[in-house]
Amino acid sequence: MPGHAAHGGIAILDFGSQYSQLIARRIREQGVYAALYPSSAPAGEVDALTPRGYILSGGPASVYEAGAPQVPGYVLQSGRPVLGICYGMQTLTHRLGGKVAAAAAREYGPAKVTLGASAPLWDGLPAEIDVWMSHGDRIEALPPGFAGLAHSGNSPYAAIGDVARRRYGVQFHPEVMHTPRGVDILRNFLFKVCTCEATWTPAAFIEESVEAVRAQVGGGRVVLGLSGGVDSAVAAALVYKAVGDQLTCIFIDHGLLRLGEAAQVVETFQQEQGLKLVAVNAAEEFLSALEGVTDPEHKRQIIGEKFVRTFEAEAHRLGRVDFLAQGTIYPDVIESAARDRPDAHRIKSHHNVGGLPEDMDFALVEPLRYLFKDEVRKVGAALGLPDSILWRQPFPGPGLAVRCLGEVTWERLERLRRADAIFIDVLHRAGLLRDATAQAFAALLPVRSVGVMGDGRTYNEVVALRAVTTTDFMTADWARLPADLLAQVSNRIVNEVPGVNRVVYDISSKPPATIEWE
């Protein structure tokens, strides 16, 4: 990312943690730019940022195994500050001559850490803090020059440091919400250890992204997949600011949208926002391709393939088109373990990341690829987009196909659409759609249950309601909705939606679950 605001930030080396992008988000919240690089990235690429310091992320490997990724030599040779998190602390220890071994007991979840020796990382913190642990290995012998800075019941070295060389490691994850004082630790590292300056803002991101898109696109023509959600809407506004009428937005109604959504998207973006928009009804083609498919990964791959092929066909009607712009954001990338994250484990494919065909005709333009949802909204607000777009309920790219568990048919989709609309309507009327829930939806389960309606036996499908609270969509907790409200939703669904006789509420957090069911 070119521009003055990016330089002098923090380089994060990604060893494959599911929380890696959260580190970047927490740092940017402090007004400091953070860039994420694969742990194998060459020194020249990383040092182009002229970073003030490095953070080594967590990861799924064990440092003592053959082929495990290790901290690059240029990081240690630079003399700049280093903070290792979980696996990052272990690879730092291993590379500098300490010992890492499997722990007798795996430590996963909440823990209490007692802070020991004085260090800049602990400025302003109490003697004991609550943290989130996620590891099966631990430090058993420190490298030369390091001292133990904290311990927990299962980790004699929950934090370590070589204060003179400004090298630190923490076994826990300060980037997640489950470590309440974690942001203070990161802030201390940024400003007290690395002496960073807070110059990173949405305006700076817009300025630099516009420059980057112009440099990438040149005089080429761009099509953008506009779903109507906040991600694609902000991407459209950003690309339009960069290249103007070189952009044409294409809205594909694949038949997997929410109730009334297709008409709403066309009206909002074509008439109100004035974007050049082509609307395509491809519902029959998508549903035909999904016939008989029940595996969620297969669904995503089919939809990704059809999505791009439909775009190609429409783009060819427009004449020469060189680029496909998308609203891909950080959570999409991390959960798909995309190609630029070789050390990560794939959680699920996203149609716009892991589901794209290899031989598509377009080069990708993804200006939001390393932003989180809340950052996307801030950028959208800075671009002047209205709240009705910025706070629209999040919706997955494959649409209702991944909320209609099992085979996707028009009858089941209509059933799901009506149930989902009822849930959203009740939440809206209760004033809980935005402040109390970050995302809410209904899912149709591929199971039937026995019921009694009108003194007769029924054997119908089950609807699961899902509502979560989150700030980053990488971790989430289930929303504690009032019991009376849930009863109202259940009563309306079983009475107003044919083919449903049972409603359940999902009380799973993320992790271990994901927000979507598929």
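Thresholds applied
- Each residue is numbered by its place in its chain's sequence as written, counting from 1.
- Reporting of local features is limited, given that this is a predicted model, to residues whose pLDDT is at least 70; pairs of side-chain atoms are given and counted only at 80 or more, and all residues count toward the totals for whole chains, interfaces and linings.
- Think of the side-chain values as coming from all heavy atoms in the structure, minus any hydrogens and water.
- Elements are defined by DSSP. Helices are runs of H or I of four residues or more, strands are runs of E of two residues or more, and each kind is numbered from the N terminus.
- Under this definition, polar contacts are N or O atom pairs within 3.5 Å; protein pairs additionally need one hydrogen-donor-capable and one acceptor-capable atom, and for neighbouring residues in sequence, both atoms have to be side-chain atoms.
- The length a helix should cover is 1.5 Å for every residue beyond the first.
- Here the term buried applies to any residue with accessible area under 20% of the maximum for its type, exposed to any over 50%, and partly exposed to those in between, with areas from a 1.4 Å probe on protein chains only.
- In what follows, a contact means two residues having at least one pair of non-hydrogen atoms within 4.5 Å.
- Neither His nor the chain termini are counted; the positive set is Lys and Arg, and the negative set is Asp and Glu.
- What makes a salt bridge here is a side-chain nitrogen of Lys or Arg within 4 Å of a carboxyl oxygen of Asp or Glu, nothing more.
- Picture the helix axis, draw a direction to every C-beta atom, and the arc is the one those directions span.

(A) Structural view of the environment of aspartate 184. Its location among the elements puts aspartate 184 in helix α5 (residues 182–193). Within polar-contact distance, the side chain of aspartate 184 engages the side chain of arginine 181 at 2.5 Å. Of note is the side chain of aspartate 184, whose polar atom sits 2.8 Å from the side chain of arginine 187.

(B) Looking closely at helix α14 (residues 410–429). For α14, built from 20 residues, the straight-helix expectation of 28 Å at 1.5 Å per residue is met to within 8% by its first-to-last C-alpha distance of 28 Å. All buried positions along α14 are accounted for by Arg412, Leu413, Arg415, Leu416, Arg417, Ala419, Asp420, Ile422, Phe423, Ile424, Val426 and Leu427. Check the buried side of α14 and you find it contacts α9 (283–289), β15 (439–453), β16 (456–469), α15 (483–496) and β18 (500–505). Looking one or two residues beyond α14, the residue adopting positive phi is glycine 431, at roughly 70°.

(C) Geometry of the side chain of arginine 167. Topologically, arginine 167 is positioned in strand β9 (residues 167–170). Buried charge without a partner: arginine 167 forms no salt bridge, and the closest opposite charge is aspartate 162, 5.3 Å away. Contact partners of arginine 167, with chain neighbours within four places excluded, come to Leu76, Val82, Leu96, Phe146, Ile160, Gly161 and Asp162.

(D) Broad picture of α15. The end-to-end C-alpha distance of α15 is 20 Å, a good match for the 20 Å that 14 residues give at a rise of 1.5 Å each. Those residues of α15 lying buried are Leu485, Leu486, Val489, Ile493 and Val494. Buried residues in α15, looked at end-on, bunch into an arc of 155°, giving them a common side. Across α15 from its buried face, at more than 90 degrees, point the exposed residues Ala483, Asp484 and Asn495. Turning to α15, the residues buried within the fold contact α14, β15, β16 and β18.

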